[in-house]
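Letter by letter, the chains look like this.
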Amino acid sequence: MDKKLIAQARELTGEATSGRGPQLPTIKFMGRASQYGEAGKFYLLRKDKESGQLNSALVGESAKVTILRIRKSFENNASGVDRKFVYEFDSTSPDAVVYLKIGNDEAIALTYSDLKRQHPDLKYHEVLYVAYDKELCKLKVSGGSLRNFFEYMQSIPEGDTIMRCYTMLGAEEVKHEKGPYHAMTFIRGDEDPRFSEYI
């Protein structure tokens, strides 16, 4: 089962194939309260196969996951530019050279700075493919949570891998001129024996 999750993560990220897989359950973190949930809490969103309706279930103020794959995503909602996924995996640097495929065009090598110059309103996300409660889920890290995520990634010892241990997700309140919001926190947990043998 665990080896299958890793293979599924590679396939759905595009790392193993260019085909598009089924939609994954999504762990959503609420930075601010909205009609979808309370601030500082995690929710599991799952689409019903029969009705197509999106169902939401409260996970809580924390979640225990194992990060299997990391992928960058760029969006520009203001100008209507399609979402861009890069074909680079598990990089901890937002300004590394990435290979970006837009539509049917050839993949091109750019950096985040290059993209920002071309599209000033570009939004940057890290999309995490995680094992949660025995299934593969997707978690998007954006906004004020990105700094915590990069600090977490950089704290992992050289030669080690993020997949070897659990990651404990939590929340912290951040003061901002537009009003307080919550950012995700990341703490390394105990070793996850399910995946350590595949490293």
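Our structure is the block above this text.
This write-up is about the structure you can find in this document. All values reported here derive from a predicted model rather than from experimental measurement. (Residues numbered from 1 in each chain as written. Predicted model: local features only at pLDDT ≥ 70, side-chain atom pairs only at ≥ 80, totals over all residues. Heavy atoms only, no water.)

**Some remarks on the nonpolar core**
Next up, step 1: Counting 29 residues, the largest nonpolar core has Ile-27, Ile-67, Leu-128, Val-130, Phe-149 and Phe-186 as its most contacted members.
Next up, step 2: Excluding residues that lie within four positions of it along the chain, Ile-67 makes contacts with Leu-128, Tyr-129, Val-130, Phe-149, Tyr-152, Ile-162, Met-163 and Thr-167.
Next up, step 3: Among the nonpolar cores identified, the runner-up in size contains 9 residues, and Leu-5, Val-127, Tyr-129 and Leu-136 belong to it. (Core = buried A, V, L, I, M, F, W, Y, C linked by side-chain atoms within 4.5 Å. Buried < 20%, exposed > 50% of the residue type's maximum accessible area, 1.4 Å probe, protein only. Contact = heavy atoms within 4.5 Å.)

**Description of the environment of Gly-170**
Next up, step 1: If you trace the backbone, Gly-170 turns up in strand 10 (residues 165–174).
Next up, step 2: Residue classification places Gly-170 among the buried positions, given a relative accessible area of 11%.
Next up, step 3: Each C-alpha atom, one on Gly-170 and one on His-182, is 9.7 Å from the other, the two residues being 12 residues apart in sequence.
Next up, step 4: Every residue in contact with Gly-170, bar those within four places of it in the chain, is listed here: Phe-29, Phe-42, Glu-61, Ala-183, Met-184 and Thr-185. (Helix = DSSP H or I, 4+ residues; strand = E, 2+ residues; numbered from the N terminus.)

**Points about the side chain of Ser-145**
Next up, step 1: Structurally, Ser-145 can be placed in helix 3 (residues 145–154).
Next up, step 2: Leave out the neighbours within four places in its chain, and Ser-145 touches Phe-29, Ala-183, Met-184 and Phe-186.

**Some remarks on the pattern of salt bridges**
Next up, step 1: For the structure shown, the criterion picks out 6 salt bridges.
Next up, step 2: Where Glu-135 meets Arg-46, a salt bridge forms, and the shortest distance between an N and an O atom there is 2.7 Å. With a gap of 89 residues between them, Glu-135 in strand 9 (residues 135–141) and Arg-46 in strand 2 (residues 42–47) connect regions that are remote in the sequence.
Next up, step 3: Arg-164 is the salt-bridge partner of Glu-191, the closest N and O atoms lying 3.0 Å from each other. Of this pair, Glu-191 sits in strand 11 (residues 181–191) while Arg-164 is found in the loop between helix 3 and strand 10, placing the two residues 27 residues apart along the sequence.
Next up, step 4: Judged by its relative accessible area of 40%, Glu-191 is partly exposed. (Salt bridge = Lys/Arg side-chain N within 4 Å of Asp/Glu carboxyl O.)

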